[in-house]
Amino acid sequence: MSTPRKSPKRPAVRTASAPAGRVVDRPADDEIWPRVTRELADDLAVDALARDRAGKAPFDEVARLQEAGLPALLTAPGPSRRGADWRAACAVVREISAADSSVGELLAHHYALSWSSRFFGPAHEAHDPCPTETDTASTTGRRDPAAETDGARRTGAGHRRPPALDVCTAEERWLLAGGVEPPRATTGPGLTLTPAEGSGGGWILDGRRAFASGVTVADRLVVGARPGGTGDLLVVLVDPAHPGVFTDAGTDRVGQRLAGAGTVTFDHVPVPPEHVLGVLPHDEHAVAPFTTLAPLALRLLLTQVGLGIAEGALAEARDISRADQAGPAPAGGAGGPAAGDGAAPVGSGDDPYLLLAYGELATAAHAAAAVVERATDALARGLHAEWSLTLEERADISVLVAAAETVTGRAAVHITTRILELVDGTAGADSRGGGPGFDRFWRNARALTAPTLVDHRLRDIGDHYLNGTHARLTLLA
């Protein structure tokens with residue numbers, strides 16, 4: 001039976017010398033983030049198998065992320081924060097995923113959603129500081145991005161623009177979940193909005209949707225819904241602790257068990273005007289190229305998760321193989337090589353078939369990493385261009401992301417499958433004996449890549465390469 005999701009507010013990290021009520025600024029040197037990420041990844045790797053087997057909602061994992069400050073990393077620079085760029089965010093997701101890909105997926109969705117107000121909000125408009133809980137009631141009015149299609153009654157004309165979502169996320173220490181993309185026709189009508197009664201304007205949100213990550217532990221949900229079920233898609237922010245929000249956790253998942261997947265029901269949930277983050281026009285030709293980078297950003301972040309799975313599995317297998325190859329030192333004496341006679345020690349790792357296998361897998365991982373890094377650089381340049389991004393530039397980014405997604409997905413499944421064969425019977429590999437449980441890498445890779453329509457991606461790449469055709473400006477990931 002579904003129950004309303006209660007999400008207690010997590011306190012901000014403070015120091016003893018910090019003034020009361022003031023969140024401690026992040027270090028000025030962004031070079032600290034690789035070290036912070038590495039330390040958290042090492043911590044997650046210690047009990048990754050036990051947590052995967054338990055399959056509980058990832059409240060503990062989210063607490064570790066918040067303690068490290070990683071959810072606030074992808075934030076525009078400001079007086080009380082220093083933002084890292086998308087390259088840094090991708091590197092963080094990749095390294096965390098090598099230790100625990102479920103946590104990496106949580107972070108990937110959070111980062112992509114945190115830019116929703118920038119992707120879907122009106123261009124070239126400044127954002128005000130994030131309002132506190134005490135003054136929210138006095139700042140509820142804002143211009144409704146759907147004013148052109150739904151009338152001025154709910155526009156909140158004359159009121160200030162709301163803060164950017166990534167700024168609020170950092171200052172309020174939120175973890176975001178949900179999904180902006182409209183559902184496919186086979187999954188139902190999706191979420192709908194109806195005008196709220198009264199002079200205050202706003203909307204009423206109803207419907208039911210399944211989400212791949214984070215909904216069981218999120219502080220806020222970012223979802224896309226259509227007024228009356230048709231027309232332009234509005235991107236709205238919802239508090240999952242509202243009595244009208246019910247969450248059913250996903251059960252019996254093959255992989256990514258700690259990603260916090262679930263189905264959310266919205267029953268007459270009010271959405272005030274200031275919680276409408278932006279709009280996606282129904283006519284794809286009216287969509288700005290910068291807006292269409294939103295699904296590409298999410299797809300590339302999830303590709304980083306897949307690459308992390310492959311690299312994490314390969315590193316774990318290498319450690320097991322090295323320990324197994326080392327073996328006990330041979331005793332000198334009759335029939336055994338004497339010390340210092342130049343003979344290779346037993347278990348020196350010179351099995352040609354094992355070396356061939358690891359050479360193949362390492363090459364596959366290196367190739368995937370190279371394609372992913374090229375796509376990451378292209379997307380970072382496109383995001384930096386913002387509203388000046390052209391259709392041609394967006395098309396090139398789309399092709400590179402599709403290539404990275406395809407190559408990495410295949411590499412992740414191949415590497416994790418082959419590793420199961422390489423470590424089979426190897427001492428220390430069996431999870432029942434305290435080993436890493438290599439099946440979880442394979443399960444996670446399969447669960448992560450299964451929704452990807454590889455044939456569609458390859459067709460779009462081929463059409464662009466052969467005919468110069470642009471992929472459709474669709475929001476579907």
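None of these values were measured; they are calculated from a predicted model.

Turning our attention to the overall build of the protein chain. Of the regular secondary structure elements, the protein chain holds 13 helices and 9 strands. Scored against the burial criterion, the 477 residues of the protein chain give a buried share of 48%. Residue pairs in contact within the protein chain that sit at least 24 positions apart in sequence constitute 78% of those at least 6 positions apart. When the accessible surface of the protein chain is summed, it comes to about 22,000 Å², and 56% of that surface belongs to carbon and sulfur atoms.

What follows concerns the pairing of strand β4 (residues 203–211). Of the strand pairs in this sheet, strand β3 (residues 192–195) and β4 are connected by 4 bridges, and their pairing is antiparallel. Note on β4: the bridge partner recorded for Thr 192 is Asp 206. Of the pairings in the sheet, the one linking β4 to strand β8 (residues 262–271) comprises 8 bridges and is antiparallel in character. Paired with Arg 208 across the strands is Thr 265, a residue of β8.

We now examine the pattern of salt bridges. For the coordinates displayed, the defined rule picks out 26 salt bridges. The closest approach of N and O atoms between Glu 405 and Arg 457, which form a salt bridge, is 2.6 Å. With Glu 405 in helix α11 (residues 391–422) and Arg 457 in helix α13 (residues 454–467), the pair connects residues that are 52 residues apart, well separated along the chain. Side by side, Glu 405 and Arg 457 carry an identical accessibility label, which is buried. Across the salt bridge formed by Arg 459 and Asp 460, the nearest N and O atoms sit 4.0 Å from each other. Linked by salt bridges that have partners in common, Asp 43, Asp 47, Arg 51, Asp 60, Glu 61, Arg 64 and Asp 100 make up one network.

Time to look at the environment of Thr 452. With respect to the element layout, Thr 452 can be found in the loop between α12 (439–449) and α13. Each C-alpha atom, one on Thr 452 and one on Arg 299, is 9.4 Å from the other, the two residues being 153 residues apart in sequence. In contact with Thr 452, other than residues within four places in its own chain, are Glu 405 and Arg 457.

Looking now at the packing of α11 against α13. Two elements in contact, α11 and α13, have axes whose closest approach is 9 Å; the angle formed by their N-to-C orientations is 140°. Here α11 is positioned oblique relative to α13, judged by the angle of their axes. α11 and α13 meet at a crossing whose hand is left-handed. Two secondary-structure elements touch here, α11 through Ala 395, Asp 396, Val 399, Ala 402, Ala 403, Glu 405, Thr 406 and Arg 410 and α13 through Val 454, Arg 457, Leu 458, Ile 461 and His 464. Of the residues belonging to the contact of α11 with α13, the class tally is 7 nonpolar, 2 polar and 4 charged.

Thresholds applied
- Residues numbered from 1 in each chain as written.
- Predicted model: local features only at pLDDT ≥ 70, side-chain atom pairs only at ≥ 80, totals over all residues.
- Heavy atoms only, no water.
- Helix = DSSP H or I, 4+ residues; strand = E, 2+ residues; numbered from the N terminus.
- Buried < 20%, exposed > 50% of the residue type's maximum accessible area, 1.4 Å probe, protein only.
- Contact = heavy atoms within 4.5 Å.
- Areas by Shrake-Rupley, 256 points an atom, 1.4 Å probe, with all protein chains shown as cover.
- Pairing = 2+ DSSP bridges.
- Salt bridge = Lys/Arg side-chain N within 4 Å of Asp/Glu carboxyl O.
- Axes fitted to C-alpha atoms, helices over the stretch in contact; angles between N-to-C directions.
- Parallel < 35°, antiparallel > 145°, perpendicular 65-115°, else oblique.
- Left-handed = near helix turned anticlockwise from the far one by under 90°.
- Nonpolar A, V, L, I, M, F, W, Y, C, P; charged D, E, K, R; others polar.

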